[in-house]
Every structure is written in structure tokens, then in C-alpha cells.
Amino acid sequence: MKISLRNIFIILLGVGLFSCEQDRLEPELEAAEGGGTLTSYMAYTISSVDDDSDVYGRVVFWNEPTLSQTFIQVSLYNTPDSEMLPVSILNGAIGDESSVSFSTYDVDGSTGELSDSKFYVVTDDSFYDSLMTLDAHINIYDSSGTILAAGDIGSNADPVESN
């Protein structure tokens, strides 16, 4: 019996179709243990500090009580596309010459969002609970160290939105 190339192709095609059963998996709709939705937050305004800069936006502090962490999210508009913009939380109100409490990830000018992750994580479990009494502000800098935008936070400003 002579087997043609065409017959071999048909046989292989048939075997391939019947041997590759495809199971349709249902989506998993429950959050993984320890995961879930962030619902408690406080948002503060970030405004341009001079007429040459139109950079503005918000900083949002998200509470994650099950992990005892606070997530910080920075969203800015009109950022320079090609720059990484350093972000610092400083002690005292805007205009006070004060020390840096901590720095977050830089903001990517092309997106207006934090560059390394959507959130910067503060692992101090009391940070979110003490936020309303925190005497601080946030500064956004350009690559030369000039302040582009700033916003009072904590005891220096009322949140523009919270829950």
C-alpha cells in the first residue's frame, strides 16, 4: 500500500484536531487571600508653584489595614515628557524650609504617574491613621532640582476627597 504525502497530511491534521481538546475555564472572580480592593483614602491637591510650570494633580493616600500599609499614588498633568520628576514628602507647610521626611519613586513625565509602580508603599502601620495630624507637604521637582509643583497634606490642608 502506497501512502501519499497528501494522506499523511490528512492523518496528522485529524490527529491534531482530536488530540487537542480545549477546555473553557471560567474566570476566577474572588480576590486572592490578602488581596482585595482599596477603599479608604485621602486625596490632596498638588498645584503648580510658578507661572512657567503648569504641572498639577493629586496625591492619594490609600489605607490597606490588612497589611498595615499605606499606598501613595501620585497623578500629575502637563509633565515634561522626557523627564523623571523626583517626589518628596517634607516636614512642615509649603514655603517652610524643612527637612525631607521621605522620597517616593520618581514620576515618569511621559505618563504623569510614579515610575516604578502605581503605588509607593509606606510600611509604618500608623502612617495612615496619623495622616490628618501630619505637618507636611509634597514637592515635585524637575531634573535640575527646581520645584515644579507642591501641595500641603495632613494638618496643613483639608483633603479634597476622602472616604
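Scroll up for the structure.
Since the structure is predicted, the reported quantities are computational estimates derived from the model, not experimental observations.

Engineer: Where do I start with unusual backbone geometry in this structure?
Structural biologist: Note: most residues except glycine have negative phi, and most peptide bonds are trans. Although it is not a glycine, Ser68 sits at a positive phi angle of roughly 55°. The exposure class assigned to Ser68 is partly exposed, which follows from its relative accessible area of 33%.

Engineer: For this particular structure, what's the right way to read the packing of aromatic side chains?
Structural biologist: Here a ring pair, both rings aromatic, is described through the centre-centre distance and the interplanar angle of the planes. Across all of its chains, the model carries 8 aromatic pairs by this definition. Ring pairing ties together the aromatic residues Tyr44, Phe61, Phe102, Tyr105, Tyr120 and Phe127, which thus form one cluster.

Engineer: Please explain the pattern of salt bridges as it appears in this structure.
Structural biologist: Two side chains bearing opposite charge may form a pair once their charged atoms approach each other closely. A full pass over the atoms with the stated rule returns 1 salt bridge. Its salt-bridge partner being Glu161, residue Arg58 comes within 3.1 Å of it at the nearest N-O pair. Placement of the pair is Arg58 in strand 2 (residues 56-64) and Glu161 in strand 12 (residues 161-162), with a sequence separation of 103 residues.

Engineer: Just checking my understanding: could you explain the nonpolar core for this structure?
Structural biologist: Proteins that are soluble and globular tend to have nonpolar side chains buried together. With 26 residues, the main nonpolar core has Ile46, Val59, Phe61, Ile72, Val74, Ile138 and Ile140 as its most contacted residues. Beyond its immediate sequence surroundings of up to four residues, Val59 is in contact with Met42, Ala43, Tyr44, Ile46, Ile72, Gln73, Val74, Ile138 and Ile153. Judged by nonpolar contacts, the second largest core, of 6 residues, contains Tyr41, Ala43, Phe71 and Phe119.

The rules behind these values
- Residues numbered from 1 in each chain as written.
- Predicted model: local features only at pLDDT ≥ 70, side-chain atom pairs only at ≥ 80, totals over all residues.
- Heavy atoms only, no water.
- Buried < 20%, exposed > 50% of the residue type's maximum accessible area, 1.4 Å probe, protein only.
- Phe/Tyr/Trp six-rings, centres within 6.5 Å; stacked < 30°, edge-to-face > 60°.
- Salt bridge = Lys/Arg side-chain N within 4 Å of Asp/Glu carboxyl O.
- Helix = DSSP H or I, 4+ residues; strand = E, 2+ residues; numbered from the N terminus.
- Core = buried A, V, L, I, M, F, W, Y, C linked by side-chain atoms within 4.5 Å.
- Contact = heavy atoms within 4.5 Å.

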